[in-house]
Structure formats: C-alpha cells, structure tokens
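Structural overview for review
Next come the chains, spelled out residue by residue.
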Amino acid sequence: MLDGKPTSYSRVTLSRIMTAVDVNLYGTVHGGVIMKFMDDVAGAAAARHCGGTAVTAAIDEIAFLEPVRTGDLVHAHAQVNWTGKASMEVGVRLVAERWDRAEDEPVDVATAYLVFVAVDADGTPREVRPVVPETAEDIRRWREAEIRRAHRLARREAIQASRETAGPPQS
C-alpha cells in the first residue's frame, strides 16, 4: 500500500478572467465554460494527489449558484476529498470577484464533485495513495464523499437490475 498524503497536499487554485468569448446568448458565462474550468482544476488536484495521470470518470454533481459575467475574476479551488483503490473524489468550489465591485467579497458561483481514476501510460487503472483528512472539515468531506459513492453504486445497480426485467413498467 502506498503512503497516504494529507488533504492539503492536493489543494489547487486556478484563476481566470472571463471574457466575451465565454458568454452565452443571455450575456453570462456559458455553463460549459464553467464545467471545463471545474474539470481542469479537479484534474490538477487529482494528478497532484496521485502523482501522475488521472482521468475524469464521473461528474457526480454540479450546482450553478450565481451567474458569472464577462470581466469577473473567477477562482476555482479543488481538493481530493476521498480515495478508493484507484479512484478519487475531488470537490470544487468556484468564487467570482465581480469586475465592477472589486471591493466586495467574492461570490460563490458554483460547486461540484468529480470522480477521477489514476491511470498508467496504457490507460489501465492504477493504485492511488490514500488521502489523510487533517481537519474536522476534511473528515466531514470524506464522510459525505462515501455517501455520494454509495448512492452512485446503488443507482448503477438499480439501473442494471431494471434492464434485466422483462415487460413494460407497471402503473
């Protein structure tokens, strides 16, 4: 078994100013741009933690809390919350500094949980070192990640079981 790393080891922050090329028809930053930014920062945290390549396996949840506008300086914060044998859950939080209200506190604009798998050069899953929670907050994140994982597995099992049953649904 690999030696564990503390949660703080995986923490990564990326920042960028949103520009006119990022906007949708409503004049706010397109959700897909936000999703890619979240995947980028989560991938950096996962790669740092596992010491190599990690690929996105699932996006468990994304919540868009507030619109992001052109000119906003957006900071994406990520950390590994939980580790399994080859997989990791990465939590992401995006905050925006409004370009026209620079003295205000940053606004929470989105959160997400992504699942990554560490892979070798051939793309085969490989063992990932354990994450070691350091604070009460890290322990809470670990526990909640285990709940999300259990829900993902139960949903997958229920869907598989429903595909194996014959006949139309009963009303």
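Scroll up to find the structure this text is about.
Since we're looking at a predicted model, the values are computed, not measured.

Conventions and cut-offs
- Residues numbered from 1 in each chain as written.
- Predicted model: local features only at pLDDT ≥ 70, side-chain atom pairs only at ≥ 80, totals over all residues.
- Heavy atoms only, no water.
- Pairing = 2+ DSSP bridges.
- Helix = DSSP H or I, 4+ residues; strand = E, 2+ residues; numbered from the N terminus.
- Axes fitted to C-alpha atoms, helices over the stretch in contact; angles between N-to-C directions.
- Contact = heavy atoms within 4.5 Å.
- Phe/Tyr/Trp six-rings, centres within 6.5 Å; stacked < 30°, edge-to-face > 60°.
- Buried < 20%, exposed > 50% of the residue type's maximum accessible area, 1.4 Å probe, protein only.
- Lys NZ or Arg CZ within 6 Å of the ring centre and 35° of its normal.

**A word on the sheet that holds strand 3 (residues 54–64)**
Spatial strand order, 2-4-5-6-3: 5 strands in an open sheet with antiparallel pairing. For this open sheet the edge positions go to strand 2 (12–17) and strand 3, each flanked by a neighbour on one side alone. Averaged over all neighbouring strand pairs, the angle between strand axes comes to 25 degrees, with direction disregarded. Bridge analysis of strand 4 (residues 73–83) against strand 5 (residues 87–97) gives 10 bridges, and the strand direction is antiparallel. When the sheet's bridge partners are listed, Ala78 is paired in strand 5 with Val92. Running at roughly 75 degrees to strand 4, helix 2 (residues 136–164) makes contact with strand 3, strand 4, strand 5 and strand 6 (107–118) of the sheet.

**Things to note about the packing of aromatic side chains**
Going through the model one piece at a time under the given rule, you end up with 1 aromatic pair. Taking the centre distance of 6.1 Å and the plane angle of 45 degrees together, the rings of Trp82 and Trp142 count as tilted. With Trp82 in strand 4 and Trp142 in helix 2, the pair connects residues that are 60 residues apart, well separated along the chain. Given the relative accessible area of 7%, Trp82 is considered buried. In this arrangement the basic side chain of Lys5 is found over the ring face of Tyr9, its NZ or CZ atom lying 4.3 Å from the centre. Above the plane of the ring of Tyr113 lies Arg148, whose end atom (NZ or CZ) is 3.5 Å from the centre.

**So, the pairing of strand 5**
Of all 11 residues in strand 5, 9 are buried; the element is thus mostly enclosed. Taken together, strand 4 and the strand that follows it, strand 5, pair antiparallel across an intervening segment of 3 residues. Inspection of the sheet shows strand 5 paired to strand 6 by 10 bridges, in the antiparallel sense. Paired with Ser87 across the bridge in strand 6 is Val117.

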